[in-house]
Amino acid sequence: MSKVAVITGTNSNLGLNIAYRLLEKIPFSEDITIVVTSRTLPRVRECIELINKHHSQLERVGVLNFDYVLVDFTDMVSILDAYYTLSKKFNRIDYFFVNAAQGVYDGIDWIGATKEIMTSPVEAVTHPHYKIQKMGVKSSDGLGLVFQANVFGPYYLLHKLKPLLVKGNCKIVWVSSIMSSPEYLDLNDLELLESDASYEGSKRLVDLLHFATYKSLEKEGIEQYLTHPGIFTSNSFFKFLNVFTYFGMLSIFYFARFLGSPWHNISGYKAANAVVNCATSDSKLLDSEIKYGSATTRAGNEYIISDKVIEHSEEEMGLIVSYFEKLRDDWDVKLKNQIKNTRQS
Ligand SMILES: NC(=O)c1ccc[n+]([C@@H]2O[C@H](COP(=O)([O-])OP(=O)(O)OC[C@H]3O[C@@H](n4cnc5c(N)ncnc54)[C@H](OP(=O)(O)O)[C@@H]3O)[C@@H](O)[C@H]2O)c1
């Protein structure tokens, strides 16, 4: 029986490398269907071509199949449609990587960036504060856009897909960030509408949501892990750079690694290490209380750092669970008559 892996945001640098590494790590005799997700069809095609090319270089005998889902996590109807598509096509999901994410960036504060880089170059490219983010941006569903795209949207899809996840004893792997410290989340603003660091706040929410939910999922046979990819080259930030600033930033990344930063993986392949390791390792060797991060030595050799000290109080987790469950139930009601499952046979 073919295993099924869903990778959200498959066409990102990390998404593609999750697919590559997954194919390298699962038994070479195992058949697998990779479900590519994107908001647009041309990107789906590109991903399939690239993953197929990588697969052809491996000596796998297992069959690789593809399927795709077009989903926009800032649109609840699109999420519901993705659920219908997946549940019509598959009766189980074995791996689910929550990788897609977005911020609402408005450019770079170049003066701030220069100051940060001059004062502390490693810190400036590890915990940057010079990315300008718009505040108060809502989706057409009226939810905080970054909150919905990065946390609530994927959470809602996973909730709808629960029967398939149970059947596949699914391993859910959330992609968080090193930029997810508690300072970025105000518990009175869970939709991150008043935040000027909504991207970072959404990653803190991912951490808290994971800690608040993994135990109950475990009881249903679903394993959930929290990971982060360190720092690597990506479209979301690099699109604000020209050729000079791009290479400037890249050299500071290498310099930071040379000075001992473990997080400057730079390559998407190395960044996917911890993410795929959680999906493919024996669960006895893993611990859902840990946040697993992809890291690289000075010489560029990859390894994984286990962080056991991510703060998560009972109070925070209680608040998160009740907020998410209430919002989920509200959307179950709102979407009840919005679209029909016309694909049901
Ligand atoms: N780059 C880094 O250094 C870094 C550091 C820490 C954590 N991360 C995390 O690593 C993951 C991948 O990052 P990346 O930099 O490789 O990503 P990226 O290049 O910014 O690509 C984002 C991906 O997410 C998808 N996406 C964005 N908004 C979406 C939406 N509203 N609905 C559905 N899909 C959406 C995009 O899909 P389409 O455009 O095809 O629709 C795209 O595939 C993210 O979770 C990011 O937060 C990255």
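Whatever comes next refers back to the structure up there.
Okay, so let's go over this structure. Predicted model, so just to flag it, every value in this text is computed and none were measured.

Surveying the vicinity of the ligand reveals 28 residues, the closest of which are Asn11, Ser38, Arg39, Arg43 and Tyr199. Here an oxygen atom of the ligand sits 3.3 Å away from a polar atom, N or O, in the main chain of Ala101. Between Ser234 and the ligand, the recorded distance is 2.7 Å, taken from a side-chain N or O atom to an oxygen atom. Protein contacts shield 92% of the accessible area of the ligand, which totals 890 Å² for the unbound molecule. Applying the majority rule of atoms within 2 Å of the grid points places the ligand in the largest pocket. Every element with two or more residues in the shell around the ligand is listed here: α1 (13-25), α8 (198-219), β9 (231-232) and α9 (235-238). Its residues assigned to classes, the shell around the ligand shows 10 nonpolar, 14 polar and four charged.

What follows is about the layout of surface pockets. Here the largest pocket is characterised by a volume of approximately 1,300 Å³. Contributing elements (two or more residues each) for the lining of the largest pocket: α1, β2 (32-38), α6 (145-160), α8, β9, α9 and α10 (243-258). The greatest single-element share of the lining of the largest pocket, amounting to four residues, is contributed by α9. Here the residues of the lining of the largest pocket sort into 24 nonpolar, 18 polar and seven charged. In this structure, the second largest pocket spans a volume of roughly 280 Å³. Surrounding the second largest pocket, 17 residues form its lining, Tyr155, Lys162, Thr213, Leu217 and Arg328 being those nearest its centre. Every element with two or more residues in the lining of the second largest pocket is listed here: α6, α7 (162-167), β7 (171-175), α8 and α13 (314-335). With five residues, the top contributor of residues to the lining of the second largest pocket is α8. Grouping the amino acids of the lining of the second largest pocket by side-chain chemistry returns nine nonpolar, four polar and four charged.

Notably, Asn169 is not glycine yet its phi reads approximately 40 degrees, a positive angle. Relative to the helices and strands, Asn169 resides in the loop between α7 and β7. One non-glycine residue, Leu192, adopts positive backbone phi at about 60 degrees. Relative to the helices and strands, Leu192 is located in the loop between β7 and α8. The exposure class of Leu192 is buried, given its relative accessible area of 4%.

Another aspect to go through is the sheet that holds strand β11 (residues 291-296). Strand order in the open sheet formed by eight strands is β3-β2-β1-β4-β7-β8-β11-β12, and the pairing between neighbours is mixed. The open sheet terminates on both sides in strands that have one partner only, identified here as β3 (64-70) and β12 (302-307). For this sheet the average axis-to-axis angle between neighbouring strands, irrespective of direction, equals 20 degrees. Of the pairings in the sheet, the one linking strand β4 (residues 95-98) to β7 comprises four bridges and is parallel in character.

Running from amino to carboxyl end, α6 crosses α13 at an angle of 70 degrees, the nearest separation of the two axes being 11 Å. Judged on the interaxial angle alone, α13 and α6 are roughly perpendicular. Crossing angle aside, the handedness with which α6 passes α13 is right-handed. On the side of α6, the interface is formed by Phe147, Val151, Phe152, Tyr155, Tyr156, His159 and Lys160, while α13 contributes Tyr323, Phe324, Glu325, Leu327, Arg328, Trp331, Asp332 and Leu335. Here the residues of the contact of α6 with α13 are counted per class, giving 10 nonpolar, one polar and four charged.

So, on to the side chain of Ser195. Residue position: Ser195 is located in the loop between β7 and α8. At 2.9 Å, the side chain of Ser195 and the backbone nitrogen of Ala197 are in polar contact. A polar contact of 3.3 Å, which involves the side chain of Ser195, links it to the backbone nitrogen of Ser198. Once residues within four sequence positions are removed from consideration, Ser195 is found in contact with Lys134, Met135, Tyr184 and Asp189.

Inspection of every chain in the model, using the stated rule, returns one cavity of 30 Å³ or more. Here the largest cavity is characterised by a volume of approximately 40 Å³. Surrounding the largest cavity, 14 residues form its lining, Gly136, Val137, Val146, Leu192 and Ser198 being those nearest its centre. It is α6 that provides the largest number of residues to the lining of the largest cavity, a total of three residues. Classifying every residue of the lining of the largest cavity gives eight nonpolar, four polar and two charged.

Reading the values: rules and limits
- Residues numbered from 1 in each chain as written.
- Predicted model: local features only at pLDDT ≥ 70, side-chain atom pairs only at ≥ 80, totals over all residues.
- Heavy atoms only, no water.
- Near = heavy atom within 4 Å.
- Polar contact = N/O pair within 3.5 Å; in protein donor to acceptor, adjacent residues only side chain to side chain.
- Areas by Shrake-Rupley, 256 points an atom, 1.4 Å probe, with all protein chains shown as cover.
- 1 Å grid on protein atoms, 1.4 Å probe; cavity = no way out; pocket = protein on both sides within 12 Å on 5 of 7 lines; lining within 4 Å.
- Sits in = over half its atoms within 2 Å of the grid points.
- Helix = DSSP H or I, 4+ residues; strand = E, 2+ residues; numbered from the N terminus.
- Nonpolar A, V, L, I, M, F, W, Y, C, P; charged D, E, K, R; others polar.
- Points joined across faces, edges and corners; volume = space filled by probe spheres on them.
- Buried < 20%, exposed > 50% of the residue type's maximum accessible area, 1.4 Å probe, protein only.
- Pairing = 2+ DSSP bridges.
- Axes fitted to C-alpha atoms, helices over the stretch in contact; angles between N-to-C directions.
- Parallel < 35°, antiparallel > 145°, perpendicular 65-115°, else oblique.
- Left-handed = near helix turned anticlockwise from the far one by under 90°.
- Contact = heavy atoms within 4.5 Å.

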